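Here are the chains, one letter per residue:
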Amino acid sequence: MPNAETAQTAALTKTLERALVHAKAFFEGLGERRVGSDLTADALRRTLGKPLAERGVDPGQVIDELVRDADAGLHASVGGRFYAWVLGGSLPAALAADWLVSVWDQNAGMFAVSPSSAIVEEVAGGWLKDVLRLPEHASFAFVTGCQAAHTVGLAAARWRVLNRHNWDVEKDGLFGAPSIRIFTSSECHTTVTRAARLLGMGSGCVEFIPADDQGRLPPEALREALKTHAGPKIVVLLAGDLNLGVFDDFERLVPIAREAGAWVHVDGAFGLWANASGRRRHLLKGVEACDSWATDGHKWLNVPYDSGIAFVADSEAHQAAMTSRASYMMDEGVAREQVDFNPEFSRRARGFPIYAALRELGREGLEAMIDRTSDHCAAIAAGIGALDGAEQLSVPEINQALVRFLDPKPGATEADHARHTDAVIARINADGEAFFGGVDWRGKRAMRISVSCWRTDEADVALTIEAAREALAAV
Ligand SMILES: Cc1ncc(COP(=O)(O)O)c(C=O)c1O
């Protein structure tokens, strides 16, 4: 090897070895470190906010100092006791594959640009449709997250529903086009609206139909709402809402949407994964009859960020909405070209970590992870709910639940309970054994319990309930 190349390789491997030392220390210290960072933005600005020097710094030193300065501002969300939001952690093979994605630094735009990246997506896409029980013929896109997957699914929907009205949105845009309405439940995640905004349909096109007392979209209300719009229609159904993990009734809703000529898109950011579990699959009955589905790899599948997946049954609409070509691209036509399905041109090879996670788990391991995390969520909700001064607000069917804490003073109002709930959450988080977030839910303030990390175990469940007991006693 020429000298310069030897030196370059030595610099790369030496720096990666530093990163590995820090990674090991991070994982080995995970059990002891506080779960949520309590560092202020100003404290982090003081450590990370250095002036950019004229002269560069040794790469190993950059990494050492980056870790030193950033460490206390990291949440231990890859550990077993982080329950705020739906974050998930990283399975070993998924994490290692993600490192290699950076080492290989492929541009996964097309087969010609990175052959293995293209084929790994072909294979992983097939596996995903299999474990998620989606139609074999559906096309797919590996994107940055569920919001991006919504954008892809709704772009395909926009193309198809306008095509049925003889309008070519890809050529003529939306000025003068028949107006599209999106119908969904009041529980719909905010990212659906943002996808509609990004696609030029505007937040005003989204009509929220009040959910029933189970948090589901009422079929008759959908039928009536669809009658109010003669133009192109899209229905967005939920496979697992953020608070209770509630599923819309696909079997009843999809035929209603079909009758009205609507495209049906599914927000299954995490809930779609329940289809990999024999015990939980009944919650998704009929979901395979929809037109497009959005989910995340970085939540319940436990691959590192950024990882979302869109599936589209109508591959023609999917490609029409996404494809892009230039004469220099070397389209060989021998493989699935990612550029036909993804919104990006150059892109990270996101298939590898998903491929690695699915191989590490196998069907059984995936099912076990979905069931285990859901069972732990139920145990935490029941355990905390049984504490004096706590109230369990939901019995989870998947990995999301709510509890709250009641102000013990006589005549306490909802506002008092809300303050008390926030105070207990803050105390648990400050104590550092576990980390939760709060939410406004049906006129109540509640604590969300989201168990999405593969690492959560029985010991974490017990420690978490004890942390809540201590916080309750202290507040
Ligand atoms: C139900 C639901 N849909 C969509 C999203 C958006 O996912 P992402 O942050 O991966 O874009 C989330 C994120 O929390 C979610 O919980």
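Read on for an overview of the structure.

Procedures and definitions
Residues numbered from 1 in each chain as written. Predicted model: local features only at pLDDT ≥ 70, side-chain atom pairs only at ≥ 80, totals over all residues. Heavy atoms only, no water. Near = heavy atom within 4 Å. Polar contact = N/O pair within 3.5 Å; in protein donor to acceptor, adjacent residues only side chain to side chain. Areas by Shrake-Rupley, 256 points an atom, 1.4 Å probe, with all protein chains shown as cover. Helix = DSSP H or I, 4+ residues; strand = E, 2+ residues; numbered from the N terminus. Nonpolar A, V, L, I, M, F, W, Y, C, P; charged D, E, K, R; others polar. Pairing = 2+ DSSP bridges. Axes fitted to C-alpha atoms, helices over the stretch in contact; angles between N-to-C directions. Contact = heavy atoms within 4.5 Å.

### A word on the site of the ligand
Neighbouring residues of the ligand: 14 residues in total, closest Cys146, Gln147, Asp267, Asp296 and His298. The separation between an oxygen atom of the ligand and a polar main-chain atom of cysteine 146 is 2.9 Å. Between the ligand and aspartate 267, the relevant distance is 2.7 Å, taken from a nitrogen atom to a side-chain nitrogen or oxygen of the residue. Within the complex, 82% of the 390 Å² of free accessible area of the ligand lies under protein. Broken down by element, the shell around the ligand gets its largest block of residues, 3 residues, from helix α6 (residues 146-163). Here the shell around the ligand is built from residues that sort into 4 nonpolar, 7 polar and 3 charged.

### Quick notes on the sheet that holds strand β11 (residues 444-450)
Backbone-to-backbone hydrogen bonds join strands into a sheet, with any given pair of strands oriented parallel or antiparallel. Overall, antiparallel pairing links the 4 strands, which are arranged β8-β9-β11-β10 in an open sheet. Taken across any chain shown, the strands that pair with only one partner, and hence form the sheet edges, are β8 (390-392) and β10 (437-441). Averaged over all adjacent pairs, the angle separating strand axes in this sheet is 40°, with direction ignored. Strand direction decides the pairing type here: β10 and β11, joined by 5 bridges, are antiparallel. Residue glycine 438 lies in a different strand from β11, and its bridge partner there is methionine 447. On top of the sheet, helix α12 (residues 351-385) reaches β8, β9 (400-405) and β11; it is set at about 10° to β9, its chief contact.

### A closer look at the side chain of arginine 445
Summarising the element assignment, arginine 445 is placed in strand β11. Leaving out residues up to four positions away in the same chain, arginine 445 has contacts with Arg404, Ala418, Thr421, Asp422, Gly438, Val439 and Asp440.

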